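# A structural walkthrough
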Amino acid sequence: MKEEQAGLYIHIPFCLSKCGYCSFYSIKSVDLIPEYIAALKKEIKYYRNAFSSFDTVYIGGGTPSLLNAQQLAEIFVSINKYYKIDDRAEITMEVNPGDVSVEYFQALRSLGINRLNIGIQSFNDNVLRFLERRHSSRDAIAAIEAARAAGFDNLGIDLIYGVHGVSINSWKNTLRKAVSYKPEHISCYQLSLGDKTPLYKKYSLEGWQLPDEKTELKLFLKTAEELEDGGYIQYEVSNFARFDKFKSRHNQKYWQHVPYLGLGPAANSFLNNKRWWNKAAVKTYLNEIAQGKTPVEETETLSSEQMQLEALFLGLRTKEGIDLKLYKTKCGIDLLAQKRKIIDELIKNKLVELKKGFLRPTRAGMAIADSLALI
Ligand code: SF4
């Protein structure tokens, strides 16, 4: 079997302000960025012999666009010095609409970044204020236009739905606006609220609710319908691409148990059935690297049962579904033989189908993908 090329994730854990719904760990102390980059460079060097090559790189956060071109260049010099990056690698960076300009995007392109993911979330200023984003819909449009002017031909945008007070029609307007800019990729995430987030507290105080199951389903189906009409393929529960070639190659590695290396606080890595992740606090990360330690919090070896469960959970969220031959190679189990009865039942209920050696969720199955995996 041909060796799979790995994915490289670099985490930038800084945000100028905290969005009301966000449970991710990030800090506001941007003055730590130079020290952080120096530590990251040491971590990059540490893993220089662990992975043979990478064909995707993803700079995520946090807010990577808080780094200037010079700081990003330092990271890329280090990556290119210690790792073999495929000539045709997909190199993505997440950006916040308020931080960018044509010149900034041109600088990113000259570093080899060939895909952008813009955290737009909504084209409605009331919704952006409600979510406590620090950009406006005008910033969002300007960011898309600047990216195109700088020559980016692979743009993704992130949107959030299921927000209190936003009708299905208003959400459809945001989707139509998104489609009108023809981004190559659109991710639509349903709002979820961790109980430590300010927005969760606001919902509790005001007695607001997140959408119930019925509304969730309606929103999911409307989103899929609207984007399909706009020419997009729903290739995963939350992800849509204009053509197959615009599917996120990096994210697919996570879903298919392909090796990946994650650097920076809280970043996860996966290799040979082993998963490890770094400590989340930036200060701890910096201190441990300064002392010559690796900032790994924990390592686990996935048992065959865990591998099977994850392969089911992740595979049934994708349109392609589970490649039964690959499943047998990676998990050592003939899924059809093991679960024939329940799979027949799901086929009868039109939740999955068997096609060309793949077990695939139907649209109705995708809508309940997380519970499907419990078969
Ligand atoms: S910009 Fe992203 S990571 Fe930062 S607070 Fe907002 S949602 Fe969280």
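Check the entry above for the structure.
The following paragraphs examine the structure supplied in this document. (Residues numbered from 1 in each chain as written. Predicted model: local features only at pLDDT ≥ 70, side-chain atom pairs only at ≥ 80, totals over all residues. Heavy atoms only, no water.)

## Describing the overall build of the protein
The cut-off we apply is this: The secondary structure listing takes helices from DSSP runs of H or I that are at least 4 residues long and strands from runs of E that are at least 2 residues long, numbered from the N terminus. Think of it in three bands: residues with accessible area under 20% of the maximum for their type are buried, residues over 50% are exposed, and the middle band is partly exposed, with areas taken using a 1.4 Å probe on protein chains only. A contact between two residues is defined here by any heavy atoms of the two lying within 4.5 Å. Every accessible area reported is derived by Shrake-Rupley at a probe size of 1.4 Å, with residue values counting cover from the shown protein chains alone. This count recognises Lys and Arg as positive and Asp and Glu as negative, with His and chain-terminal groups excluded. In this description, the location of a charge corresponds to atom NZ of lysine, CZ of arginine, CG of aspartate or CD of glutamate.
Broken down by element type, the protein carries 15 helices and 15 strands. Over its C-alpha atoms, taken along the principal directions, the protein stretches across nearly 60 × 50 × 40 Å. Here the protein, with 375 residues, has 51% of them falling under the buried criterion. Relative to all contacts within the protein whose residues are 6 or more apart in sequence, the contacts with residues 24 or more apart total 69%. For the protein, the computed accessible surface area is about 18,000 Å², with 50% contributed by carbon and sulfur atoms. Each charge class in the protein was averaged separately, 51 positive and 44 negative side chains, and the resulting centres sit 2 Å apart.

## Re the packing of helix α6 (residues 168–180) against helix α8 (residues 213–229)
Packed helices, taken two at a time, are described by the angle their axes make and the gap between the axes. Stated formally: Comment: axis = line fitted to C-alpha atoms, over the contacting stretch for helices; angle = value between 0 and 180 degrees taken between N-to-C directions. The cut-offs work like this: below 35 degrees is roughly parallel, past 145 is roughly antiparallel, 65 to 115 is roughly perpendicular, and the gaps in between are oblique. Here a crossing is taken to be left-handed if its near helix is turned anticlockwise relative to the far helix by less than a right angle, and right-handed if that turn runs clockwise. For this scheme, ten residues count as nonpolar: Ala, Val, Leu, Ile, Met, Phe, Trp, Tyr, Cys and Pro. Four count as charged, namely Asp, Glu, Lys and Arg, and the remainder, Gly too, count as polar.
Taken N-terminus to C-terminus, the directions of α6 and α8 make an angle of 30 degrees; their axes are 10 Å apart at the nearest point. Overall, the two elements α6 and α8 adopt an arrangement that is roughly parallel. Crossing of α6 over α8 shows right-handed handedness. Listed contacts from α8 to Ile168, Trp171, Lys172, Leu175, Arg176 and Val179 of α6 are Lys218, Leu219, Lys222, Thr223, Glu226 and Leu227. Here the residues of the contact of α6 with α8 sort into six nonpolar, one polar and five charged.

## Points about the site of the ligand
Quick note on the threshold: For this purpose, a residue is taken to be near a molecule or strand whenever a single non-hydrogen atom of the residue falls within 4 Å of it.
Close contacts around the ligand come from Cys15, Ser17, Lys18, Cys19, Tyr21, Cys22, Gly62, Thr63 and Arg133, and that covers them all. Each residue belonging to the shell around the ligand can be placed in one class, and the counts come to four nonpolar, three polar and two charged.

## Quick look at the sheet that holds strand β14 (residues 352–355)
Keep this limit in mind: At least two DSSP bridges between two strands are required for those strands to pair.
Spatially, three strands are ordered β13-β15-β14 in an open sheet, and the strand pairing comes out antiparallel. Every interior strand has two partners, whereas the edge strands, β13 (322–323) and β14, have only one. Here two bridges tie β13 to strand β15 (residues 358–361), and the two strands are oriented antiparallel to one another. Counted as the bridge partner of Ile322 is Leu359 from β15.

## Things to note about the side chain of Thr197
Counted only if it meets this: Throughout this description, a polar contact denotes any pair of N or O atoms lying within 3.5 Å of each other; where both atoms belong to protein, one of them has to be capable of donating a hydrogen while the other can accept it, and for residues adjacent in sequence the pair is counted only when both atoms sit in side chains.
With respect to the helices and strands, Thr197 occurs in the loop between β6 (185–190) and α7 (198–206). Of the polar contacts made by the side chain of Thr197, one reaches the backbone oxygen of Gly194; its length is 2.7 Å. When sequence neighbours within four positions are dropped, the list of residues in contact with Thr197 reads Gly20, Tyr21, Cys22 and Ser23.

## Quick word on the environment of Tyr47
As for its placement among the helices and strands, Tyr47 is situated in the loop between α1 (33–46) and β2 (54–61). Remark: the alpha-carbon pair of Tyr47 and Tyr83, spanning 36 residues in sequence, is separated by 8.7 Å. Apart from the residues lying within four places of it in its own chain, the contact partners of Tyr47 are Tyr83, Leu261, Leu263, Trp276 and Val296.

## Thoughts on the environment of Gly162
Following the sequence through the fold, Gly162 ends up in the loop between β5 (155–161) and α6. Classification of Gly162 by relative accessible area gives buried; the value is 13%. Each C-alpha atom of the pair Gly162 and Glu216 lies 7.4 Å from the other, and the pair is 54 residues apart in sequence. Not counting the four nearest positions on each side in its chain, Gly162 is found in contact with Leu191, Tyr203, Leu210, Pro211 and Leu219.

## Things to note about helix α5 (residues 137–149)
Our working definition: A helix is expected to reach a length of 1.5 Å times the quantity of its residues less one.
Across its 13 residues, α5 extends 18 Å between first and last C-alpha, which sits within 8% of the 18 Å expected from 1.5 Å per residue. Lining the buried residues of α5 we find α3 (102–110), β4 (115–121), α4 (125–130), β5 and α6. Positive backbone phi, at 100 degrees, marks Gly151, one or two positions downstream of α5.

## Describing unusual backbone geometry
Each neighbour pair has its own omega, and for Gly61 with Gly62 the value is 20 degrees, a cis peptide bond. Its place among the elements puts Gly62 in the loop between β2 and α2 (69–82). Its identity is not glycine, yet Ala266 carries a phi of approximately 65 degrees, on the positive side. Locating Ala266 in the fold gives a position in the loop between β9 (260–263) and β10 (268–271).

## Here's the deal with the nonpolar core
Applicable threshold: Working definition of a nonpolar core: buried Ala, Val, Leu, Ile, Met, Phe, Trp, Tyr and Cys residues. They are joined through side-chain atoms within 4.5 Å.
Counting 73 residues, the largest nonpolar core has Tyr83, Phe105, Leu108 and Ile186 as the members making the most contacts within it. Apart from the residues within four sequence positions on either side, Leu108 is in contact with Leu72, Met93, Val95, Ile113, Leu116 and Phe152. Counting residues in each nonpolar core, the second largest holds 20 residues, with Met307, Ala311, Leu312 and Leu335 among its members.

## A look at the environment of Ala367
Within the fold, Ala367 resides in helix α14 (residues 363–367). Excluding residues that lie within four positions of it along the chain, Ala367 makes contacts with Leu217 and Phe220.

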